[in-house]
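Descriptive analysis of the structure
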Amino acid sequence: MTDYCANEGVTPAEAVSRMRAEVFETTGLTVSAGVSPNKTLSKIAADINKPNGQFVIDPTAEACQAFIRDQPLRKCYGIGRVTEMLLNGLGLKTVGDIYKHRRRLYLMRDHLPFRWLLSLYLGLGSNSVKRAKRGDRKSYGAEKTFHPTSERTELDNMIKRMAKSLAKDVARSEFSGRTITLSIKHGQSRWRQESAV
């Protein structure tokens, strides 16, 4: 990104806007993006203006900390259900709570990634990107964000289109699996169904 911006004379936000426009023009797919100094913040920021938007965090320590401070812990990559429950049990709900409860977290350092949590609070994160190998892939998925609807036929047709597209991807890669998961979000709740194949 740095080299591209320097060569093209554009800001990172302009570069991402170009990329999103090119993806849409080429494939018809919309892209949501986060622009920040590191992958951790960019991943969270990409969810802010979904679908088909972008969110930019200024590359200053103050802006990064202001952005991350009020984010729920669960939105942060690396914090799963178990870690979230443990942190909630210690009184933490948001990233800003990490600093408030740093003494408790330090005492729990054998069970929690203390240094990583502090770096998260400071808005720090990695920028290294490793290309995945074919064998590293553990799942295939298809996802679609759309406007609320109660039309059963529309939902059925959308699921059929997504299933066909996913089947083509799986066949092309010669990938096989054991479980199919369908997850549908209703407002703030989520319905999830798994079936063994």
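Moving on, we come to the overall build of the protein. Counting its secondary structure elements, the protein contains nine helices and four strands. The N-to-C order of helical and strand elements in the protein reads α-α-β-α-β-α-α-α-α-α-α-β-β. For the protein, the spread of C-alpha atoms along the principal axes amounts to about 55 × 45 × 40 Å. Intrachain contacts of the protein at a sequence separation of at least 6 include 34% that bridge at least 24 residues. Just so you have it, the protein exposes about 14900 Å², and 52% of that area is on carbon and sulfur atoms. When the 33 basic and 20 acidic side-chain charges of the protein are each reduced to a single mean position, those positions are 7 Å apart.

As enumerated under the stated definition, the model contains five salt bridges in all. The salt bridge partner of Lys 100 is Asp 97, with a shortest N-O separation of 3.3 Å. Of this pair, Lys 100 and Asp 97 are both found in helix H6 (residues 97-100), three residues apart, which corresponds to roughly one turn of the helix. Take Lys 100: its relative accessible area is 62%, and that puts it in the exposed class.

With respect to the element layout, Ser 42 can be found in helix H3 (residues 39-45). A polar contact is formed between the side chain of Ser 42 and the backbone oxygen of Gly 34, at a distance of 3.5 Å. Here Ser 36 takes part through its side chain, which lies 2.8 Å from a polar atom of the side chain of Ser 42.

Glancing now at the nonpolar core. As a rule of thumb, soluble globular proteins bury nonpolar side chains together. Core analysis: the largest hydrophobic core is formed by 20 residues, its most contacted members being Leu 87, Ile 98 and Leu 105. At the level of secondary structure, the elements contributing two or more residues to this core comprise H3, helix H4 (61-69) and helix H8 (114-121). Among residues more than four places away in sequence, those in contact with Leu 87 are Leu 73, Ile 79, Leu 92, Leu 105, Leu 112 and Leu 117.

Taken as a whole and assessed by the stated rule, the structure comprises three aromatic pairs. Centre to centre, the rings of Tyr 99 and Tyr 121 are 5.3 Å apart; their planes meet at 15 degrees, and the pair counts as stacked. With a gap of 22 residues between them, Tyr 99 in helix H6 and Tyr 121 in helix H8 connect regions that are remote in the sequence. Its end group placed over the ring of Tyr 99, Arg 102 keeps NZ or CZ at 3.8 Å from the ring centre. Across from the ring centre of Tyr 106, 4.0 Å away, lies the NZ or CZ of Arg 109, which sits over that ring.

If you walk through the whole model with that rule in mind, you get zero disulfides. The structure places no disulfide on Cys 5, whose sulfur is separated from the nearest cysteine sulfur, that of Cys 64, by 16 Å. No disulfide involves Cys 64; its sulfur sits 13 Å from the nearest other cysteine sulfur, which is in Cys 76.

In this section: the confidence of the model for the protein. Averaged over all residues, the pLDDT of the protein is 87; the fraction at 70 or higher stands at 91%. Mean pLDDT across the secondary structure elements of the protein bottoms out at strand E4 (residues 189-196), with 61, and peaks at strand E2 (residues 54-56), with 97.

What follows covers the environment of Ser 139. Inspection of the secondary structure puts Ser 139 in the loop between H8 and helix H9 (152-173). With a relative accessible area of 48%, Ser 139 lands in the partly exposed category. Sequence separation between Ser 139 and Ser 165 is 26 residues, and the spatial gap between their C-alpha atoms is 15 Å.

The next point concerns unusual backbone geometry. Of note, the amide linkage connecting Lys 50 to Pro 51 takes the cis form, showing an omega dihedral of -10 degrees. By secondary structure assignment, the location of Pro 51 is in the loop between H3 and E2. Unlike most non-glycine residues, Asn 52 shows phi in positive territory, near 60 degrees. Mapped onto the elements of the fold, Asn 52 is located in the loop between H3 and E2. What makes Asn 52 partly exposed here is its relative accessible area of 42%.

Criteria and cut-off values
Residues numbered from 1 in each chain as written. Predicted model: local features only at pLDDT ≥ 70, side-chain atom pairs only at ≥ 80, totals over all residues. Heavy atoms only, no water. Helix = DSSP H or I, 4+ residues; strand = E, 2+ residues; numbered from the N terminus. Contact = heavy atoms within 4.5 Å. Areas by Shrake-Rupley, 256 points an atom, 1.4 Å probe, with all protein chains shown as cover. Lys, Arg positive; Asp, Glu negative; His and termini not counted. Charge placed at Lys NZ, Arg CZ, Asp CG, Glu CD. Salt bridge = Lys/Arg side-chain N within 4 Å of Asp/Glu carboxyl O. Buried < 20%, exposed > 50% of the residue type's maximum accessible area, 1.4 Å probe, protein only. Polar contact = N/O pair within 3.5 Å; in protein donor to acceptor, adjacent residues only side chain to side chain. Core = buried A, V, L, I, M, F, W, Y, C linked by side-chain atoms within 4.5 Å. Phe/Tyr/Trp six-rings, centres within 6.5 Å; stacked < 30°, edge-to-face > 60°. Lys NZ or Arg CZ within 6 Å of the ring centre and 35° of its normal. Disulfide = S-S within 2.5 Å. pLDDT = per-residue confidence, 0-100.

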